[in-house]
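Residues per chain are reported as follows:
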Amino acid sequence: MHNYTKIGKVLHHFLIVHSTNDVAKDMLSKTKPSSGSVILADFQSNGRGQRTNSWESDKGANILTSIILNHQIQSDHFFYLNKIVCIAIVEMLNKIIPNECIEIKWPNDILVNKKKICGILIENTIMNNIIQHSIIGIGININQEIFVNKDAISIFQITNSKFEINTALEYLFESLNNWYQNLLSYKYKLIDSVYINLLYGYHNEFNYQIENELFKGSIESIENDGSINIRNSNTDRISQFYFKQIKFIL
Ligand code: BTN
């Protein structure tokens, strides 16, 4: 039986850090932070993204957070953490912007009207094939007015009004607590079906790129290890891809 984890009960708020994920990592190595502890920052001087990218965020404008989870999850179930975090964020955004098209771009970007509103960076500590600690890094664009990155979007840019970050955080923690409990109660089928139905390109044609070649295809399914099966529209053949092997063209 897992210890009861309440995400958001313990908050550590910083004005400026290098990266909230790094603060979480530091805490895990020095103290014993309780599961569900949250690190929040107004600004990151070295916000980290996927694929060695950086994460752009104006001071005080957005959600920049890392959540520490202590648990015991089989390492071959690691992708379920990605899934529940994505689902929780879509649920939270649906409360704030219910009339927009909110989708998950595999593996774990959240898109609104085909632009990226949120990035997720999950870092796990694994021992003997068991994930013992996870750091769930989440950046959600709330009130930023302008981005250098043309593919980014914020809630402000959609609604033209500022949204209270604390309220957005409350929604986020509520949804995360709910979906994390679903994961700890092994509700894999539920998680699979909600995730796949939110997926951009699921049974719908979209463009993708492998090396320098462009293709049209649609997502058929996701494997347990997080890899994706795509049906090529020209050849009708299904191929399996891992993260970094394929690029989605929006
Ligand atoms: C991505 O590239 O899509 C992932 C971006 C993750 C950004 C968040 S912001 C809070 C946390 N701290 C970091 O340094 N990165 C994550």
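For the structure, see preceding data.
All of these numbers come straight from a predicted model, not from anything done at the bench.

Attention now moves to the sheet that holds strand β2 (residues 38–44). Strand order across the open sheet formed by 7 strands is β1-β2-β3-β7-β6-β5-β4, with mixed pairing between neighbours. Single-partner strands in this sheet number two, and they are β1 (11–17) and β4 (102–105). Taking the axes of each pair of neighbouring strands and ignoring which way they run, one obtains an average angle of 20° across the sheet. Examined bridge by bridge, strand β5 (residues 109–112) and strand β6 (residues 115–127) share 4 bridges and lie antiparallel to one another. Each bridged residue has a counterpart across the sheet, and for Ile-110 the counterpart in β6 is Cys-118.

All right, on to the site of the ligand then. Around the ligand, a shell composed of 20 residues is seen, among which Ser-19, Gln-44, Arg-48, Gln-50 and Lys-116 lie nearest. Measuring from an oxygen atom of the ligand, one finds a side-chain N or O atom of Lys-116 at 2.5 Å. If the ligand stood free it would expose 420 Å²; the protein chains cover 98% of that surface. At a threshold of 2 Å from the grid points, most atoms of the ligand map onto the largest pocket. At the level of elements, α1 (20–30), β3 (63–74), β6 and β7 (130–140) are the ones that each hand at least two residues to the shell around the ligand. Broken down by element, the residue count for the shell around the ligand peaks at 4 residues, all from β6. Grouping the amino acids of the shell around the ligand by side-chain chemistry returns 5 nonpolar, 12 polar and 3 charged.

Those residues of helix α5 (residues 188–197) not exposed but buried are Ile-191, Tyr-195 and Ile-196. All buried residues of α5 project into a common sector of 115° when viewed along the axis, lining one side. Of the exposed residues in α5, the ones pointing more than 90 degrees away from its buried face are Lys-189 and Asn-197.

What follows concerns the packing of aromatic side chains. Using the criterion set out here, one finds 12 aromatic pairs in the structure. Between Tyr-208 and Phe-215 the ring centres are 5.4 Å apart and the planes differ by 25°, which places this aromatic pair in the stacked class. Members of the aromatic cluster, joined through ring pairs, are Trp-106, Tyr-200, Phe-206, Tyr-208, Phe-215, Phe-241, Phe-243 and Phe-248. The ring of Tyr-80 carries the charged tip of Lys-83 above its face, separated from the ring centre by 4.7 Å.

With the rule as written, the count across this model stands at 1 cavity of 30 Å³ or more. What lines the largest cavity is Ile-7, Ile-67, Leu-69, Ile-84, Val-85, Ile-136, Leu-176 and Tyr-180. Residue assignment for the lining of the largest cavity shows that the elements contributing at least two residues are β3, α2 (78–96) and α4 (165–184). By residue class, the composition of the lining of the largest cavity is 8 nonpolar, no polar and no charged.

Approximately 930 Å³ is the volume found for the largest pocket. Taken together, 40 residues line the largest pocket, and the ones lying closest to its centre are Asn-53, Trp-55, Asp-109, Lys-116 and Asn-149. Secondary-structure elements contributing two or more residues to the lining of the largest pocket are α1, β3, β5, β6, β7 and β12 (247–249). Looking at the lining of the largest pocket element by element, the count peaks at 4 residues for β6.

The contact between α2 and α4 brings their axes to 8 Å, and the two run at 145°. Where α2 crosses over α4, the two elements pack in a sense that is right-handed. The residues of α4 that touch α2, namely those facing Tyr-80, Leu-81, Ile-84, Val-85, Ile-87, Ala-88, Ile-89, Glu-91, Met-92, Lys-95 and Ile-96, are Ala-168, Tyr-171, Leu-172, Glu-174, Ser-175, Leu-176, Asn-178, Trp-179, Tyr-180 and Leu-183. When the residues that make up the contact of α2 with α4 are grouped by side-chain class, the tally is 16 nonpolar, 2 polar and 3 charged.

Let us now look at the pattern of salt bridges. Enumeration according to the criterion identifies 12 salt bridges in this entry. Salt-bridge contacts for Glu-123 lead to Arg-48; the nearest nitrogen and oxygen are separated by 3.0 Å. Placement of Glu-123 in strand β6 and of Arg-48 in the loop between β2 and β3 is noted, with a sequence separation of 75 residues between them. Exposure remark for Arg-48: the relative accessible area of 27% places this residue in the partly exposed category. Between Lys-116 and Asp-109 there is a salt bridge, with the nearest N and O atoms lying 3.0 Å from each other. Judged by relative accessible area, Asp-109 falls into the buried class, the value being 11%. Connected through shared salt-bridge partners, Asp-22, Lys-25, Arg-48 and Glu-123 make up one network.

What counts and how
- Position numbers for residues start from 1 in each chain and track the written sequence from start to end.
- Predicted model: local features are reported for residues with pLDDT of at least 70 only, side-chain atom pairs are reported and counted for 80 or more only, and whole-chain, interface and lining totals are derived from all residues.
- Excluded from the side-chain calculation are hydrogens and water; included are all heavy atoms of the structure.
- Here, a strand pair is defined by DSSP locating no fewer than two bridges between the strands.
- A run of H or I in DSSP counts as a helix once it spans at least four residues, and a run of E counts as a strand once it spans at least two, with each numbered from the N terminus.
- Lines fitted to the C-alpha atoms define the axes, with helices restricted to the stretch that makes contact. Angles between their N-to-C directions range from 0 to 180 degrees.
- The near set for a molecule or strand comprises every residue that places at least one heavy atom within 4 Å of it.
- Polar contact criterion, stated in full: a pair of N or O atoms within 3.5 Å, where within protein one must be able to donate a hydrogen and the other to accept it, and residues adjacent in sequence count only if both atoms are side-chain atoms.
- All accessibility values rest on the Shrake-Rupley procedure with a 1.4 Å probe; residue burial counts only the protein chains present in the view.
- Each cavity reported here is a set of points on a 1 Å grid over the protein atoms alone in which a 1.4 Å probe fits but cannot get out, each pocket an open set with protein on both sides within 12 Å along at least five of seven lines, and each lining residue one with an atom within 4 Å of a point.
- Should more than half of a molecule's atoms lie within 2 Å of a pocket's or cavity's grid points, that molecule is taken to sit in it.
- For this scheme, ten residues count as nonpolar: Ala, Val, Leu, Ile, Met, Phe, Trp, Tyr, Cys and Pro. Four count as charged, namely Asp, Glu, Lys and Arg, and the remainder, Gly too, count as polar.
- Only protein chains enter the accessibility calculation, which uses a 1.4 Å probe; a residue whose area is less than 20% of its type maximum is buried, one above 50% is exposed, and one in between is partly exposed.
- Note that the arc is defined by the directions from the helix axis to the C-beta atoms.
- Aromatic pairs are defined between Phe, Tyr and Trp rings, using the six-membered ring for Trp, whenever the two ring centres lie within 6.5 Å; interplanar angles under 30 degrees are classed as stacked, those over 60 as edge-to-face, and all others as tilted.
- Two thresholds decide whether a charge sits over a ring: the Lys NZ or Arg CZ must be within 6 Å of the ring centre and within 35 degrees of the ring normal.
- Grid points are joined across faces, edges and corners, and a volume is the space filled by probe spheres set on the points.
- Should the near helix be turned anticlockwise from the far one by less than a right angle, the crossing is left-handed, and should it be turned clockwise, the crossing is right-handed.
- Contacts are assigned to residue pairs that have any heavy atoms within 4.5 Å of one another.
- Any carboxyl oxygen of Asp or Glu within 4 Å of a side-chain nitrogen of Lys or Arg constitutes a salt bridge here.

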